[in-house]
Amino acid sequence: MKGRMWPYLPELTIRDYNIYLRYLRGVRRQLYEAYGLYSCHLLRSNGVLFAILSDSLAGRQATCQRKRVPGTMAWRRLMCQTQGIRLAAQVEVLLGWHNLQDRKYSELKPLKRLRRAVEENPALERLFVQEREQAVTQMELSAKNYTLAAEPMSNIYGALYSTLATDDPSQRKSMRYIGSSIGRIFYLLDKAERFETDKRSGRYNVFVVNELKGQSAAMENARRQALAVANDLIRVYSMLDIKLNRSLLDNIMLLGLHHAVEPLEAGAERENWEIP
């Protein structure tokens with residue numbers, strides 16, 4: 001899955017830009033140290049938001065150190081092994097691992113280090129398997145209901161984001177709702193983008209079974225639904241008690257997500273966040 005939770009650059013301060021880049025490098029470094037160089041290719045930037053949210057909700061101040069960026073000879077300043085960064089790396093590997101399950105077993109043999117993430121968190125692994133089975137059932141039934149079709153991904157992201165909450169039950173409920181909303185937005189946009197490909201290959205696509213006329217119609221339908229979900233998400237997010245990096249998180253959640261659904265500038269492209 002492509003990353004969608006990016007900061008919106010035109011409204012990002014230099015301070016927040018540097019914090020985001022250092023978290024981006026930190027998650028990449030954690031992936032490299034824990035799961036090997038190949039795992040770095042699984043990073044889709046959604047995990048960077050995951051790390052920032054985790055540390056900011058708990059009020060954990062990350063330590064910034066100068067280390068080598070994996071896969072390069074460059075040394076840069078990056079955030080180091082906070083609980084949020086470790087959890088984000090684990091989640092990125094789990095998501096990437098399940099995307100690899102469609103490959104042949106012979107292709108997966110070199111990836112033994114990635115399996116360690118599965119062993120480290122069996123509860124999340126069970127959730128992935130359960131929701132994957134539910135998704136297969138909906139495909140077989142060719143479900144037309146958009147909410148029902150998005151439910152497996154919505155449940156996965158809801159469970160993942162709920163783990164970021166503190167001991168406050170209301171915050172855990174809010175984070176589960178935010179995660180569920182993000183999962184639903186991702187699902188709708190991904191399926192709309194794959195409309196023509198899935199139609200040609202005969203794969204299940206909720207927009208195809210609803211007989212929409214072309215990919216442009218599917219994208220318009222997905223954006224309309226996603227905007228409604230994003231607006232409700234913002235209401236819940238605004239009530240969170242965020243102790244650190246509030247302005248950076250506001251940029252991502254209020255502007256970045258909206259820009260991913262419906263660009264705030266005509267003809268704007270999504271920012272390409274490399275690791276300088």
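Structure: above.
Residues numbered from 1 in each chain as written. Predicted model: local features only at pLDDT ≥ 70, side-chain atom pairs only at ≥ 80, totals over all residues. Heavy atoms only, no water.

Draft legend 1. The nonpolar core, seen in detail. Core analysis: the largest hydrophobic core is formed by 72 residues, its most contacted members being Tyr23, Tyr161, Met175, Ile178, Ile182 and Phe207. For this core, the elements supplying multiple residues, two or more each, are α1 (14–35), α2 (46–58), α3 (83–99), α7 (146–162), α8 (169–193), α10 (206–209), α11 (215–237) and α12 (246–261). The element that contributes the greatest number of residues to this core is α11, accounting for 10 residues. (Core = buried A, V, L, I, M, F, W, Y, C linked by side-chain atoms within 4.5 Å. Buried < 20%, exposed > 50% of the residue type's maximum accessible area, 1.4 Å probe, protein only. Helix = DSSP H or I, 4+ residues; strand = E, 2+ residues; numbered from the N terminus.)

Draft legend 2. Summary view of the pairing of strand β1 (residues 63–68). Pairing analysis gives 6 bridges linking β1 to strand β2 (residues 75–80), with the strands arranged antiparallel. Residue pairing in the sheet places Thr63 in a bridge with Cys80 of β2. Taken together, β1 and the strand that follows it, β2, pair antiparallel across an intervening segment of 6 residues, in which Gly71 is found at a positive phi of about 85 degrees. (Pairing = 2+ DSSP bridges.)

Draft legend 3. Seen up close, the packing of aromatic side chains. Under the counting rule described, the total for this entry stands at 4 aromatic pairs. When the centroid spacing of 5.4 Å and the interplanar angle of 90 degrees are considered together, the rings of Phe50 and Tyr161 count as edge-to-face. Taken together, the residues span a long stretch of sequence, with Phe50 in helix α2 and Tyr161 in helix α7 at a distance of 111 residues. Taking relative accessible area as the criterion, Phe50 reaches 3% and is therefore assigned buried. Over the ring of Tyr237 we find Arg246; its NZ or CZ atom is 5.0 Å from the centre of that ring. (Phe/Tyr/Trp six-rings, centres within 6.5 Å; stacked < 30°, edge-to-face > 60°. Lys NZ or Arg CZ within 6 Å of the ring centre and 35° of its normal.)

Draft legend 4. How the structure looks around the pattern of salt bridges. Here the structure, examined in full by the defined rule, presents 9 salt bridges. Residue Asp55 is joined to Arg60 by a salt bridge in which the shortest nitrogen-to-oxygen separation is 3.0 Å. Measuring nitrogen to oxygen at the nearest pair gives 3.2 Å for the salt bridge that ties Arg246 to Asp250. Of this pair, Arg246 and Asp250 both sit in helix α12, 4 residues apart, which is roughly one turn of the helix. Looking at Asp250, the relative accessible area reads 22%, which means it is partly exposed. (Salt bridge = Lys/Arg side-chain N within 4 Å of Asp/Glu carboxyl O.)

Draft legend 5. Representation of the side chain of Gln225 within the structure. Note on placement: Gln225 falls in helix α11. Since its relative accessible area comes to 16%, Gln225 is described here as buried.

Draft legend 6. Fine view of α11. Helix length check: α11, at 23 residues, gives a terminal C-alpha distance of 31 Å against a target of 33 Å (1.5 Å per residue), a fit within 8%. Within α11, the full set of buried residues consists of Ala218, Met219, Asn221, Ala222, Gln225, Ala226, Leu227, Val229, Ala230, Leu233, Val236 and Tyr237. (Expected span 1.5 Å × (residues − 1).)

Draft legend 7. How the structure looks around the state of the cysteines. Under the definition given, this model contains 0 disulfides. No disulfide involves Cys64; its sulfur sits 7.1 Å from the nearest other cysteine sulfur, which is in Cys80. Taking the relative accessible area as the measure of exposure, Cys64 reaches 23% and is therefore partly exposed. The exposure class assigned to Cys80 is buried, which follows from its relative accessible area of 13%. (Disulfide = S-S within 2.5 Å.)

Draft legend 8. View of unusual backbone geometry. Of note, Glu211 is a non-glycine position whose phi angle comes to about 60 degrees, a positive value. Relative to the helices and strands, Glu211 resides in the loop between α10 and α11.

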